[in-house]
Amino acid sequence: MKLTIIGTGYVGLVSGICLAERGHHVCCVDIDEEKIKSLQSGVVPIYEPGLDVLLEKNLNNNHISFTADLKNGVAHADIIMIAVGTPSNPDTQAPDLKYVDAVALSIAPLLKEGQVVVVKSTSPIGTASRLKQLIQSHCDVNFSMATNPEFLREGSAMNDFMQPDRIVIGVEDDFASKKLEKLYHPFKDDCELMMTDLASAEMIKYAANAFLATKITFINEVSNLCEKVGADVSQVSKGIGLDTRIGSQFLEAGPGFGGSCFPKDTLAMAYVGQQAGAHQEIVETVIKVNDHRLNMLHEKILKLFNGSVHNKTIAFWGVTFKPLTDDMRDSPALNIIPQLQSLGAKCVVYDPQGKNQGEGLLPNVAWCESACEAARNADALCILTHWPEFYDVSLEETAISMQTAHLVDFRNMFNFDIAQKSGFISYTPIGMRAWVANLEATHS
Ligand SMILES: NC(=O)c1ccc[n+]([C@@H]2O[C@H](COP(=O)([O-])OP(=O)(O)OC[C@H]3O[C@@H](n4cnc5c(N)ncnc54)[C@H](O)[C@@H]3O)[C@@H](O)[C@H]2O)c1
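Along each chain, residues carry numbers from 1 onward, in the same order as the chain's sequence is written. In view of the model being predicted, local features appear only for residues whose pLDDT reaches at least 70, and side-chain atom pairs are presented and counted only at 80 or more, with totals across whole chains, interfaces and linings using the full set of residues.

**Some remarks on the sheet that holds strand β14 (residues 426–428)**
Argument step 1. With respect to topology, seven strands assemble into an open sheet ordered β11-β10-β9-β12-β13-β14-β15, the strand pairing being mixed. Every other strand in the sheet has two partners, leaving β11 (366–367) and β15 (435–436) as the edge strands with one partner each.
Argument step 2. When DSSP locates at least two bridges between a pair of strands, those strands are taken to pair. Only DSSP runs of H or I with at least four residues qualify as helices, and only runs of E with at least two residues qualify as strands; both kinds are numbered from the N terminus onward. Two elements, β14 and β15, share two bridges in a ladder whose sense is antiparallel. Counted as the bridge partner of Tyr427 is Trp435 from β15.

**Digging into the domain arrangement of the chain**
Argument step 1. An automatic or database domain assignment is the source of the domain bounds shown. The domains assigned to the chain are domain 1 (2–196), domain 2 (206–294) and domain 3 (297–443).
Argument step 2. Spacing between the C-alpha centres of domain 1 and domain 3 amounts to 39 Å.
Argument step 3. Only Asp, Glu, Lys and Arg are considered charged, only Ala, Val, Leu, Ile, Met, Phe, Trp, Tyr, Cys and Pro nonpolar, and every remaining residue, Gly among them, polar. Classifying every residue of the side of domain 1 that touches domain 3 by side-chain character gives four nonpolar, one polar and two charged.

**A closer look at the packing of helix α9 (residues 198–229) against helix α11 (residues 262–276)**
Argument step 1. Axis angles are defined between N-to-C directions and span 0 to 180 degrees, where every axis is a line fitted to C-alpha atoms and, for a helix, only to the segment in contact. Running from amino to carboxyl end, α9 crosses α11 at an angle of 115°, the nearest separation of the two axes being 9 Å. The angle between α9 and α11 falls in the class roughly perpendicular. For α9 against α11, the interelement crossing comes out left-handed. Judged by residue contacts, Tyr206, Asn209, Ala210, Leu212 and Ala213 of α9 engage Phe262, Asp265, Thr266, Ala268 and Met269 from α11.
Argument step 2. Considering only residue class, the contact of α9 with α11 consists of seven nonpolar, two polar and one charged. Throughout, the term roughly parallel applies to angles under 35 degrees, roughly antiparallel to angles over 145, roughly perpendicular to angles from 65 to 115, and oblique to all others. If you view the pair so one helix is near and one far, a crossing is left-handed when the near helix is turned anticlockwise from the far one by less than a right angle, and right-handed when it is turned clockwise. Residues are treated as contacting if the C-beta atoms built from their backbones sit within 7 Å of each other.

**As for the environment of Gly170**
Argument step 1. Within the fold, Gly170 resides in strand β7 (residues 166–171).
Argument step 2. Sequence-wise, Gly170 and Asp197 are 27 residues apart; in three dimensions their C-alpha atoms are separated by 4.6 Å.
Argument step 3. Excluding residues within four positions of it along the chain, Gly170 makes contact with Ala128, Ala146, Thr147, Thr196, Asp197, Leu198, Ser200, Ala201 and Glu202.

**Notes on the packing of α11 against helix α12 (residues 281–296)**
The relative placement of two packed helices is expressed as an angle between their axes plus a distance between the axes.
Argument step 1. Here α11 crosses α12 at 140°, and the two axes come no closer than 9 Å. In this view, α11 runs oblique relative to α12, as classed from their interaxial angle. Of the two possible hands of crossing, α11 and α12 adopt the one that is left-handed. On α12, the residues touching Thr266, Leu267, Met269 and Ala270 of α11 are Val283, Glu284, Val286 and Ile287.
Argument step 2. Split by residue class, the contact of α11 with α12 holds six nonpolar, one polar and one charged.

**Examining the nonpolar core**
Argument step 1. Any set of buried Ala, Val, Leu, Ile, Met, Phe, Trp, Tyr and Cys residues joined through C-beta atoms within 7 Å is what this text calls a nonpolar core. Residues with at least 20 neighbouring C-beta atoms inside 10 Å of their own are called buried, those with 12 or fewer are called exposed, and the rest are partly exposed, where every C-beta is derived from the backbone. Grouped together as the largest cluster of nonpolar side chains are 55 residues, with contacts concentrated most on Ile6, Ile80, Met81, Ile82 and Val118.
Argument step 2. Considering every element that reaches this core, the biggest residue donor is helix α1 (residues 10–21), with eight residues.
Argument step 3. In contact with Ile80, not counting residues within four places along its chain, are Thr4, Ile6, Val74, Ile107, Gln115, Val117 and Val118.
Argument step 4. If you look at the next biggest cluster of nonpolar residues, it comprises 50 residues, including Ala315, Phe316, Ala378 and Val408.

**So, the environment of Ala375**
Argument step 1. Looking at where Ala375 falls in the secondary structure, it is placed in helix α16 (residues 371–375).
Argument step 2. Look at Ala375 and you get buried, because 28 C-beta atoms sit within 10 Å.
Argument step 3. Sequence separation of Ala375 and Gln403 is 28 residues, and the distance between their C-alpha atoms is 9.0 Å.
Argument step 4. Apart from the residues lying within four places of it in its own chain, the contact partners of Ala375 are Ala315, Leu381, Thr398, Ser401 and Met402.

**Considering the pairing of strand β6 (residues 144–147)**
Argument step 1. Alternating residues of β6 divide into Ser144 and Ala146 and Met145 and Thr147, and every residue in both groups is buried.
Argument step 2. Inspection of the sheet shows strand β5 (residues 116–119) paired to β6 by four bridges, in the parallel sense. Bridged to Val117 within β6 is Met145.
Argument step 3. Here β6 runs beside β7; their pairing, made up of two bridges, is antiparallel. In the sheet register, Thr147 faces β7, and the bridge partner there is Gly170.

**Remarks on unusual backbone geometry**
Argument step 1. One non-glycine residue with positive phi stands out, namely Asn311, at about 65°.
Argument step 2. In this structure, Asn311 sits in the loop between α13 (299–304) and β9 (313–317).
Argument step 3. Asn311 sits in the exposed class, given 10 other C-beta atoms within 10 Å.
Argument step 4. In this structure, Leu324 is a non-glycine residue whose phi angle is positive, near 65°.
Argument step 5. Structurally, Leu324 can be placed in the loop between β9 and α14 (333–342).

**A word on the sheet that holds strand β4 (residues 79–82)**
Argument step 1. The strand order across the open sheet built from eight strands is β3-β2-β1-β4-β5-β6-β7-β8, with neighbouring strands paired in mixed fashion. Of all strands in the sheet, those bounded by a partner on one side alone are β3 (64–67) and β8 (192–196). Taken over all neighbouring pairs, the strand axes of this sheet differ in orientation by 25° on average, direction set aside.
Argument step 2. Contacts between α1 and the sheet are confined to β1 (2–6), β2 (25–29) and β3, with β2 contributing the most and set at about 165° to the helix.

**Overview of α12**
Argument step 1. Look at α12: 23 Å from first C-alpha to last across 16 residues, which is about the 22 Å you get at 1.5 Å a residue.
Argument step 2. Restricting attention to buried positions, one finds in α12 the residues Val283, Val286, Ile287, Asn290, Arg293 and Leu294. Each buried residue of α12 lies within a common arc of 135° when the element is viewed along its axis, so the set occupies one face. With respect to the buried face of α12, the exposed residues turned more than 90 degrees away are Glu281, Lys288 and His292. In this scheme, a helix's expected span is set at 1.5 Å multiplied by one less than its residue total. The reported arc concerns the directions from the helix axis to the C-beta atoms and nothing else.

What follows is the structure in structure tokens.
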């Protein structure tokens, strides 16, 4: 089938490449001409494992093309998919639909009879119906409207798209339903393709993300209690996750959720609930609890220095919101690092992929080329993102190279035994009691 995707970011690009890989002819449109040029020459402008190989293959066999020319893009397609961003409006915290609306208005005069317009962007309930009217008021051809929320996770995006748990499609007519069934035919052997009405598909996406954010926040609160009562949250997590009714995913305590989706989608769900007169009290509480957690992260480091980090050097391993992505949107690093800086700390950072986006967001940070370089001469080392490569770093050499070998592990990558044997003088994990060496006893 011929498909055009408007918006070539983390979702649009992965969707486009995967749909091309399954035999469709995909045209990706973006207003960012630099991005288009880069993609036309086979260079992926984001970090997503494996995407470069599939891009090259599908460019070579002419299954995918990139353009900044919307007119050509729309003319190409049976299906036009909108995959632009839907961030939160920083003032009202409502989802900001200006990018989606702008696309709707610009495709309206270009549409041809019988095309299907699909909203893939995560959008509040009612958006697809509203866009249908908006487009229809600026064009006089018959077209169908659909929604197709995306559930991929950055870092495993291709795998998630190629082998989804489910495909959700919201439609209002048989024509769109048949077209989209055909589009997703190559994916549906191993999963359910669920056809719903427009509003239910939109709601499924928000409810899924709000539920996952709630699960993370739940275990984070349990971890606070574990620290006070001497339990170990990793064991608690395993013990409850083995219950198939609960499941182990999204049940690891950490610094609090961040990233490009959960913060804005929980805010959007709370906003939609308020507007609709059905307050989402659980989601509102999740947002509050998570914000509080992010704002208190620095306290674990303050504690190591009796409340003052003035002139202390704090090294960070990992600043992206999760490993295997370069995405810095709403990363916990954007809370803890500026807070420590405002208290006089010098912050030194190493992240395998975060520097490009992070440099603009984290001013006055010293960026290093390796984990060892970041830790050298630091007064404390703080692990914020669990990049797999940190397991390969020698912790012994790291501890020796530090000014004072404190290890703060927001991802519980290591444990007390490893930290002690490696020569650290303290180990502060999440959801377990912290350990501080009795240095006087050691030295006497
Ligand atoms: N990132 C994720 O992991 C993820 C997962 C599931 C769903 N989503 C949802 O998918 C949507 C897109 O998210 P993303 O992370 O890919 O965003 P993104 O910011 O990475 O990409 C958006 C792209 O749209 C382009 N764009 C903006 N206006 C345009 C216009 N008028 N015409 C053409 N292109 C335009 C931008 O230049 C950018 O390249 C959001 O609604 C998001 O909530 C994201």
